[in-house]
Amino acid sequence: MKLINFLRQSAHPSFLALSTVVNQSPVRILQQRILLALIFLIISPFVSYSLLAEPIRGAVTGLEIQNGKEQAIPLAGANLFWIGTTMGTSTNGDGEFLLKNTPELPHQLVISFIGYRSDTIVVDHGQLQLEIELQSSQKLNEVVVSGRRAGSHVSSMDPILTNVITESELQRAACCNLSEAFETNASVDVSFTDAVSGAQQIQLLGLAGTYSQILTENTPTIRGLGQPYGLGFIPGPWMESIHVSKGAGSVVNGYESITGQINVELKKPESAEMLYYNFYGNDFGRLESSLNAAVKLSDRWSTMILSHGEILENQFDHNGDNFLDHPLMRKYNIVNRYRYDMPGVMESQFGFRVMQENRRGGQLSFFDNGEQLGSPDYYGFGVKTARYETFARTGFFLPGQPDGSIGTQLSFIHHDHDSKYGFNDYQGRQNTLYANVIYENSIARNPDHKINAGFSYVMDDYRENLLSNENTQNFDRLESVPGVFAQYTLQWRQKFTGIIGLRTDFHNIYGTFITPRLHIRSDLSESTTLRASAGKGYRVPNMIAENIGLLVSNRQLRFEEDIRAEEAWNYGGSLTQSFRLFGNEASLAVEYYRTDFTNQLIVDVDSEYGVARFYNLDGLSYANNSQIELQVEPFRFFDLTAAFRLTDVKTTIDGDLMAKPFVNIYKGMLTGSYATPNNNWQFDLTAQFNGPSRIPDTAMLPAQFHMPSESPAYTILHAQITRRWNNLDFYIGGENLTNFTQHNPILGFDNPYGEHFDASMIWGPIMGRMFYTGLRYSIQ
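Per the secondary structure count, the protein chain includes 4 helices and 46 strands. Roughly 30000 Å² of accessible area belongs to the protein chain as shown, and the carbon and sulfur atoms make up 57% of that amount.

This is the structure in structure tokens:
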């Protein structure tokens, strides 16, 4: 029944509306017929729900001291299994679970969670709802002394190495959006693509975020034209948790995951606070406000509205280069989602989302003269983004088959991008249809052997135009990709899990993609877990959107050949050891992953001055990533995480194998969080130690524009203090407290239309010390 849990958490709002096509081609007619068939699959469960079987639902909570009182809080990641079997599950971010029924009732159910006493209960016939409360493993004078839940933990049962970032971890920093959610995470790096637009990118396993599949509730979301600014499209107060998986992902989600997956779980109407409000403001003048409201309409229907507004109209230029350090911005974001739930029978979710964003930046004189884009007298930048999304998702059980289920996922996204970078004019529109149908069942009614199979369809309709140096380039294309997949899972006594999967996709432009994946998890002992994975991945690059920083320069973009689909193998593994240190639970994780490219898009800014060359890989390209991470509780209520990572990424550029630019050779992180016993106060501090990275060659430039061949190592600090009352949190904090910034991040800033102007050579922070404050108010 993992599929049902997968679908329950797969509610990403996407806009389902198809444009009218006057002269329809056979391909479009076929797409419409496929869409009608998928809609039928979504509707069909409503007809047949009365024939289906019922699993067991419930929630696991633990007793903690909050505000001087003993309160039950949800336990995310608690393990449950039927004693004497391999049938089990784990709780989600809200402590809730969905457990397949065992045919032999009454039966004993075991529940466990680190830091709490395991419990065994007897479940009898007809019990379909369970509320389970665990006691802390430590008592003093018969009074329960609770521990703190780690805000970030590794999913214990997932065969793929998955780090779960919970809401409590997200609240350790301001976390205004997804790009700011990884400040206390050692695996994911976030950086600016240039010093003007505010566009951001992530890195995972040493490679750009384009090689990681970013999903919202198991649906691909930030891709294509949404890449440059997409990390800011998901507000922090909307997020329930983030799951960061390393290595090739499951074949169920598609072929695009090469280095991993980042799956964002949004708050859900059936489990979120009835009312939630968050306000944030910083000394740069950025103001944000989020309001969430959840309503239970009936026993089966619930709905939720998530809204967010953001504004920054304060002009500041701290480094004196006459360019704004950060663009001005106005953004509006709203989601309305619904859930229909017939316990044990079927579940359906649907909703929509509307987002609009307007960014403006450039020289101060651009704003002093009426913000006229394209003027030769001053450099101006502007981006208008409109995004509309909808989704529909249904999951249901098969009659007479206790392990059988079918799920459907359907989403549509319309994305409009209209931008001007000086004289560079870039416009794009993307319509994406995504459909996935998944069948899951045991083999011969043996829950130790499971099969997942299904088919998918992805349609991307791109309309892109770039006007640069009076030269118009068109990148219009229609990508149509039907695919099929199958995955076999073997479980043995909850100590070993093996997953082998294969999918085949038929791309109308790039041909057939064959994607094998393998994942293994083995408990070598009660405290030692080994994971390994290997798999292949493909992706079609979006050359302009994924290299948007180059438009904030006067480089000529030269496309030297037809770019093929990128193709790579990823393999590696991890070893996790749990033990007791200072009398408390601790863990040590060691991991290594390698990515080898068969083909890759090379963006060469080294070999020729003033030119960015685009061509296919001709030689080696690889990334090695090693990381060690220690999580420990030195004393009660104080969590400490220390991590260190080594990265070796090399690519063949113009015939020479060299280090990929702007990738830190190493990174260290030390982060601590202390909360008082009543949880009224919390203190958080994070230090990031960033190693050097290669800077593209600037030796051919005049001396005043020379940059060193390697960036310096640097350290940045983040801190936050939180005060909690019953329903109100007040927080105050600071980012980049060391005030380290890259000196002169814009080359040729005094002549933005001159041949040496380049704002894309970013290797470090471009904004200095920043202080913020905010509050969170909630009604359960």
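On to a nonpolar patch on the surface, then. Together, Trp681, Phe683, Ile721, Trp725, Leu728, Phe730, Ile732 and Tyr777 line one region of the surface with nonpolar side chains, adding up to about 710 Å² of accessible area. Contributing elements (two or more residues each) for the nonpolar patch: strand E43 (681-690) and strand E45 (728-735). With 3 residues, the top contributor of residues to the nonpolar patch is E45. Along the polypeptide, Phe683 turns up in strand E43.

To continue, consider the sheet that holds strand E34 (residues 556-559). Paired through backbone hydrogen bonds, the strands of a sheet run either parallel or antiparallel to each other. Within the open sheet, the 3 strands sit side by side as E34-E38-E37. Their pairing is mixed. Looking at strand neighbours, the two that pair on one side only are E34 and strand E37 (601-604), the edges of this open sheet. Sheet twist, expressed as the average angle between the axes of neighbouring strands with direction ignored, equals 20°. Bridge count for E34 against strand E38 (residues 611-616) is 4 bridges, and the pairing is parallel.

The next point concerns unusual backbone geometry. If you check the backbone angles, Arg445 has positive phi at about 60° while not being a glycine. Considering the arrangement of structural elements, one finds Arg445 in the loop between strand E27 (424-443) and strand E28 (446-468). The exposure class of Arg445 is exposed, given its relative accessible area of 56%.

Now for the nonpolar core. By size, the foremost hydrophobic cluster in this structure holds 44 residues, and its most contacted members are Tyr421, Tyr426, Leu551 and Leu557. When residues of this core are traced back to their parent elements, those giving at least two are strand E25 (380-397), E28, E38 and strand E46 (770-779). Among all residues touching Tyr426, those that are not within four sequence positions of it are Leu225, His417, Asp418, Ser419, Glu464, Asn465, Leu466, Ile544, Ala545, Ile548 and Leu551. In terms of nonpolar packing, the next biggest core, distinct from the first, is built from 27 residues, Leu161, Leu204, Leu231 and Ile262 among them.

Two elements, strand E3 (residues 79-82) and strand E4 (residues 88-90), share 3 bridges in a ladder whose sense is antiparallel. Pairing of Phe81 across the sheet is with Gly88, part of E4. Bridge analysis of E3 against strand E6 (residues 107-112) gives 4 bridges, and the strand direction is antiparallel. Each residue of the ladder has a partner; that of Asn79, found in E6, is Ser112.

The strand order E13-E14-E15 describes an open sheet built from 3 strands, whose pairing is antiparallel. Lying at the two open borders of the sheet, with one neighbouring strand each, are strand E13 (188-192) and strand E15 (207-208). As defined by bridge partners, strand E14 (residues 200-204) adjoins E15 across 2 bridges and the pair is classed as antiparallel. Counted as the bridge partner of Leu204 is Leu207 from E15.

On to the packing of aromatic side chains, then. Within the structure shown, the criterion is met by 26 aromatic pairs. Where Tyr211 meets Phe597, the ring centres are 5.1 Å apart and the plane angle is 70°; that geometry is what we call edge-to-face. Pair noted here: Tyr211 is in the loop between E15 and strand E16 (212-216) and Phe597 is in strand E36 (residues 584-599), with a separation of 386 residues, a long-range link. Exposure remark for Tyr211: the relative accessible area of 6% places this residue in the buried category. When its relative accessible area of 8% is taken as the criterion, Phe597 is described as buried.

Attention now moves to the side chain of Asn690. Assignment of secondary structure puts Asn690 in strand E43. When its relative accessible area of 7% is taken as the criterion, Asn690 is described as buried. Non-local contacts of Asn690, meaning those with residues more than four positions away in its chain, are made with Asn664, Tyr666, Lys667, Ala713, Tyr714 and Ile716.

Attention now goes to the pattern of salt bridges. Within this structure, the stated rule accounts for 51 salt bridges. The shortest N-O distance in the salt bridge between Glu313 and Arg330 comes to 3.2 Å. One end of the pair, Glu313, is in the loop between strand E22 (301-312) and strand E23 (328-342); the other, Arg330, is in strand E23, with 17 residues separating them in the sequence. Given the relative accessible area of 32%, Glu313 is considered partly exposed. A relative accessible area of 35% means that Arg330 is categorised as partly exposed.

Turning our eyes to something else, we now look at the confidence of the model for the protein chain. Counting all residues, the mean pLDDT for the protein chain is 86, and 88% of those residues have values of 70 or more. Note on residues 33-53: pLDDT under 50 across the span, and 34 contacts to partners over four residues away in sequence or across chains. Every residue in residues 138-147 scores below 50 in pLDDT, and together they form 25 contacts with partners more than four places removed in sequence or on other chains.

Consecutive side chains along a regular strand alternate between the two faces of the sheet. Pairing of strand E44 (residues 714-724) with E45, which is carried by 6 bridges, proceeds in the antiparallel orientation. When the bridges of E45 are listed, Ile721 appears paired with Ile732. Counted between consecutive antiparallel strands, the loop separating E44 from E45 contains 3 residues.

Position of Glu357 among the secondary structure elements: in strand E24 (residues 346-362). Beyond its immediate sequence surroundings of up to four residues, Glu357 is in contact with Tyr229, Phe233, Met329, Arg330, Lys331, Val383, Lys384 and Thr385.

All right, on to the environment of Leu646 then. As for its placement among the helices and strands, Leu646 is situated in strand E40 (residues 638-653). For Leu646, a relative accessible area of 45% puts it in the partly exposed group. Sequence spacing of Leu646 and Gln627 is 19 residues, and the spatial spacing of their C-alpha atoms is 6.4 Å. Ignoring anything within four residues of it in the chain, the contact list for Leu646 reads Asn624, Asn625, Ser626, Ile665 and Tyr666.

Now for the environment of Gly774. Checked against the element boundaries, Gly774 lands in strand E46. The class of Gly774 is buried, set by a relative accessible area of 3%. C-alpha of Gly774 to C-alpha of Phe279: the two residues are 495 residues apart in sequence and 5.2 Å apart in space. Sequence-distant contacts of Gly774, defined by excluding residues within four places in its chain, comprise Phe279, Tyr280, Asp729, Phe730 and Tyr731.

What counts as what
Going along each chain's sequence as written, the residues are numbered from 1 onward. The predicted nature of this model means local features are confined to residues of pLDDT at least 70 and side-chain atom pairs, given and counted, to a pLDDT of 80 or more, with totals for whole chains, interfaces and linings taken over all residues. The side-chain values count all of the structure's non-hydrogen atoms but skip hydrogen atoms and water molecules. Here a helix means four or more residues in a row that DSSP labels H or I, a strand means two or more in a row labelled E, and each is numbered from the N terminus. In these tables, accessible area is a Shrake-Rupley quantity obtained with a 1.4 Å probe, and a residue counts as shielded only by the protein chains included in the view. Candidates for patches are residues over 30% relative accessible area with no salt bridge; among them, like charges are joined within 9 Å and nonpolar side chains (Val, Leu, Ile, Met, Phe, Trp, Tyr) within 5 Å. Salt-bridge detection follows one rule: a side-chain nitrogen of Lys or Arg within 4 Å of a carboxyl oxygen of Asp or Glu. Strand pairing requires that DSSP identify at least two bridges connecting the strands. Axis geometry follows a simple rule: fit a line to the C-alpha atoms, using only the stretch in contact for helices, then measure angles between N-to-C directions, giving values from 0 to 180 degrees. Only protein chains enter the area calculation, which uses a 1.4 Å probe; residues under 20% of their type maximum are buried, those over 50% are exposed, and those in between are partly exposed. The definition of a nonpolar core used throughout is a set of buried Ala, Val, Leu, Ile, Met, Phe, Trp, Tyr and Cys residues joined through side-chain atoms within 4.5 Å. In what follows, residue pairs with any heavy atoms lying within 4.5 Å of each other are defined as contacts. Only Phe, Tyr and Trp rings take part, Trp by its six-membered ring, and two of them pair if their centres are within 6.5 Å. Stacked means planes under 30 degrees apart, edge-to-face means over 60, and tilted covers everything else. Each residue carries a pLDDT score, the predictor's own confidence in it, on a scale running from 0 to 100.

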